[in-house]
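One letter stands for each residue in the lines below.
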Amino acid sequence: MRESEQRGERMSADGGGGGHVRTGFSWLTLVPPAACLPVALPHLVDHRVPSLVTLLLIGPLLACVRFGVRCTLLVCAWAAALGLATDLGDDTVAGFDFGVRFGGLLLGCAVTVHAAGRGERLTAALARSREVTRVTQEAVLRPISRTLDGTQVCTRYHCSADESTVGGDLCDVAVTPYGLRVLVGDVRGHGLDALRLTAETITCFRELAYTAPDLPSLAGSLDTRLTPELGPEDFVTALLAEFAPGEVRLVNCGHPAPLRSGRSIEFLEPKVPSPPLGLRPDPRQYRVRLQPGDRLLLYTDGLAEGRDPEGIPFPLLGEAALALREPLPEDALGILHDRLLQHTGAPLTDDLALVLCQPVEATVPAHVR
């Protein structure tokens, strides 16, 4: 997000340009005026060489493609000056032929200035659209680092797509009458279809999390709502967590098991596996005690399936045990993410969602409903 803001500031400083518009000195700004010299110099040196005034448009054309209106105007003035200089001292200066050639040069310069201005406006509109898209995506998948209903929650997200901040992985939280509820999921596939299903899943969770009496009912309602939106081969893996005093209740629909870190670290596997949403799941809720200082790490398969160049999988249990010793949740997730990047040795090719939850108070388990 910080990089996006910096890009936006740079585009604003360019006058809404971005893309092909550059500010400040760069050696590239010398290319358009320099391109005019090979056209004008032969005739300036020897007037017997035919004058090629119209070809001086090469400089303004290069400027309007790469730079903005200001630079294009300067190159146009330079090209016009060279056009006059090429025929100074000739008998054709005031002649009809020169007037046609020089008039064509001026007309071409006007067209390049217009093209440069249009390019700036289009690039500014694109920058605004990207900013709107970024804000919208952050509203769909909001970053969290705060204490909610007695539980400290911190999230970290990575999207493998270059032009998006939201991919096929998802996470969200809701403070409901039944306690803090957390969703972590993974939509099958990539691209726009995965983004659409991600937004639909989060929307359904935000609507249903406050009314479903328990997690199995919530999973069933999510499956009912999402199934009409899924294709024949689509599904959504989902892990639902509900925090209560001294414990966490879990429902797992085909998702990687969460990690509990405390005196020891272990996977919290469900006793009865359940298929993902969209494949008629019938999950069973299971309860796990949380001791003072315990942490719960919920994640997507981008963490568990990370591999190095030789195909060795990421040692999740050992790396998580080291990273989760950090006292601050943001630092713990940052170290875990960095260790994953060190292991893969390359940018992640899969989406990744991490959610770290830690109750802030030692409490007694709630009564079983």
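Just so it is clear, the structure is predicted and the values come from calculations on it, not from any experiment.

Peer 1: What exactly am I supposed to notice about the overall build of the protein here?
Peer 2: When its secondary structure is counted, the protein shows 10 helices and 11 strands. Counting every position in the protein, which comprises 369 residues, the buried fraction comes to 44%. When contacts within the protein are restricted to residue pairs at least 6 apart in sequence, long-range pairs at least 24 apart make up 71% of them. On the protein, roughly 19,200 Å² of surface is accessible, and the fraction owed to carbon and sulfur atoms is 59%.

Peer 1: Sorry if this is basic, but what is going on with a nonpolar patch on the surface here?
Peer 2: On the surface, Leu28, Val31, Ile58 and Leu62 cluster together into a nonpolar patch covering about 310 Å² of accessible area. Tracing the backbone shows Leu28 in the loop between α1 (2-13) and α2 (31-45).

Peer 1: What is the right way to look at helix α10 (residues 329-344) in this model?
Peer 2: For the α-helix, the turn length of 3.6 residues means that residues three or four positions removed from each other point alike. If you check α10, its first and last C-alpha atoms are 23 Å apart, about what 16 residues at 1.5 Å a residue would give, namely 22 Å. In this structure, the buried side of α10 is in contact with β2 (151-158), β10 (295-299), α8 (301-304), α9 (316-323) and β11 (352-359). Among the residues trailing α10, Gly345 stands out with phi positive, at a value near 70°.

Peer 1: How should I be thinking about the nonpolar core in this particular structure?
Peer 2: A general trend in soluble globular proteins is that nonpolar side chains are found buried together. Counting residues in hydrophobic clusters, the biggest one holds 46 residues, and the most contacted among them are Val182, Leu240, Phe243 and Leu298. Contacts of Val182, omitting those with residues within four sequence positions, involve Asp172, Val173, Phe205, Leu239, Leu240, Ala241, Phe243, Leu298, Val355 and Cys357. Within the second largest apolar cluster, 18 residues are counted, among which are Cys154, Phe314, Ala332 and Leu348.

Peer 1: Would you mind going over the pairing of β2 with me for this structure?
Peer 2: When a strand is regular, its side chains alternate between the sheet's two faces. Across four bridges, strand β1 (residues 145-148) lies against β2 in antiparallel orientation. Bridge assignment links Leu148 to a residue of β2, and that residue is Thr151. Taking the residues that link successive antiparallel strands as the turn, the β1-β2 hairpin has two residues, and the phi of Asp149 there is positive, at about 50°. Two strands pair when backbone bridges link them, and β2 and β11 are joined in this way by eight bridges, in the antiparallel orientation. From the neighbouring strand, Tyr157 faces β11, where its bridge partner is Ala353.

Peer 1: Sorry if this is basic, but what is going on with the sheet that holds strand β7 (residues 259-261) here?
Peer 2: Spatially, the six strands line up as an open sheet ordered β1-β2-β11-β10-β7-β8, and their pairing is antiparallel. Each end of this open sheet is capped by a strand with a single partner; those strands are β1 and β8 (265-267). Averaged over all pairs of adjacent strands, the angle between strand axes in this sheet comes to 20°, irrespective of strand direction. Against the sheet, α9 contacts β7, β8 and β10, and its axis sits at roughly 135° relative to β8. With respect to the sheet, α10 is in contact with β1, β2, β10 and β11, its orientation differing from that of β2 by roughly 30°.

Peer 1: Would you mind showing me how to read the confidence of the model for the protein here?
Peer 2: Should the pLDDT be low somewhere, the predicted coordinates at that spot are not to be read in detail. For the protein, the average pLDDT comes to 82, and 80% of its residues sit at 70 or higher. Below pLDDT 50 for its whole length, residues 1-24 participates in 31 contacts with residues either more than four positions away or in separate chains. Across residues 362-369 the pLDDT falls below 50, and counting only partners more than four positions away or on other chains, this stretch makes 20 contacts in the model.

Peer 1: Is there a simple way to explain the sheet that holds strand β4 (residues 179-187) in this structure?
Peer 2: By way of backbone hydrogen bonds, the strands of a sheet pair with one another, either parallel or antiparallel. Reading across from one edge, β3-β4-β5-β6-β9 is the order of the five strands in this open sheet, with antiparallel pairing throughout. Sheet topology places β3 (169-176) and β9 (286-289) at the edges, where each strand pairs with a single neighbour. If you compare each strand with its neighbour and ignore which way they point, the axes differ by 20° on average. By the bridge criterion, seven bridges tie strand β5 (residues 236-244) to strand β6 (residues 247-253) in an arrangement that is antiparallel. Bridge pairing links Leu239 to Asn252 in β6.

Peer 1: Is there a simple way to think about the environment of Thr151 in this case?
Peer 2: Inspection of the secondary structure puts Thr151 in strand β2. Taking the relative accessible area as the measure of exposure, Thr151 reaches 3% and is therefore buried. Each C-alpha atom, one on Thr151 and one on Arg295, is 10.0 Å from the other, the two residues being 144 residues apart in sequence. Apart from the residues within four sequence positions on either side, Thr151 is in contact with Arg146, Leu180, Phe243, Cys357, Gln358 and Pro359.

Peer 1: Just to check I follow, could you spell out the environment of Glu319 for this structure?
Peer 2: Looking at the element boundaries, Glu319 is found in helix α9. Excluding its chain neighbours within four sequence positions, the residues that come into contact with Glu319 are Phe314, Leu336 and Arg339. Of the polar contacts made by the side chain of Glu319, one reaches the side chain of Arg339; its length is 2.9 Å.

Peer 1: Got a minute to help me understand the pairing of β3 in this structure?
Peer 2: Summarising burial for β3: seven of the eight residues are buried, a large majority. The pairing of β3 with β4 spans eight bridges and is antiparallel. Bridge pairing in β4 links Asp169 to Asp186. Connecting β3 to the antiparallel partner β4 that follows it, the hairpin turn spans two residues.

Peer 1: Explain the pattern of salt bridges here, please?
Peer 2: Between side chains of opposite charge, pairing is possible as soon as their charged atoms come close. Throughout the structure, instances matching the rule amount to 12 salt bridges. With a closest N to O distance of 2.7 Å, Arg225 and Glu207 form a salt bridge. Highlighted residues: Arg225 in helix α7 (residues 215-226) and Glu207 in helix α6 (residues 191-208), separated in sequence by 18 residues. The exposure class assigned to Arg225 is partly exposed, which follows from its relative accessible area of 34%. Residue Asp282 is joined to Arg284 by a salt bridge in which the shortest nitrogen-to-oxygen separation is 3.0 Å.

Cut-offs and rules
- Residues numbered from 1 in each chain as written.
- Predicted model: local features only at pLDDT ≥ 70, side-chain atom pairs only at ≥ 80, totals over all residues.
- Heavy atoms only, no water.
- Helix = DSSP H or I, 4+ residues; strand = E, 2+ residues; numbered from the N terminus.
- Buried < 20%, exposed > 50% of the residue type's maximum accessible area, 1.4 Å probe, protein only.
- Contact = heavy atoms within 4.5 Å.
- Areas by Shrake-Rupley, 256 points an atom, 1.4 Å probe, with all protein chains shown as cover.
- Patch = residues over 30% accessible without salt bridge, like charges linked within 9 Å, V, L, I, M, F, W, Y side chains within 5 Å.
- Salt bridge = Lys/Arg side-chain N within 4 Å of Asp/Glu carboxyl O.
- Expected span 1.5 Å × (residues − 1).
- Core = buried A, V, L, I, M, F, W, Y, C linked by side-chain atoms within 4.5 Å.
- Pairing = 2+ DSSP bridges.
- Axes fitted to C-alpha atoms, helices over the stretch in contact; angles between N-to-C directions.
- pLDDT = per-residue confidence, 0-100.
- Polar contact = N/O pair within 3.5 Å; in protein donor to acceptor, adjacent residues only side chain to side chain.

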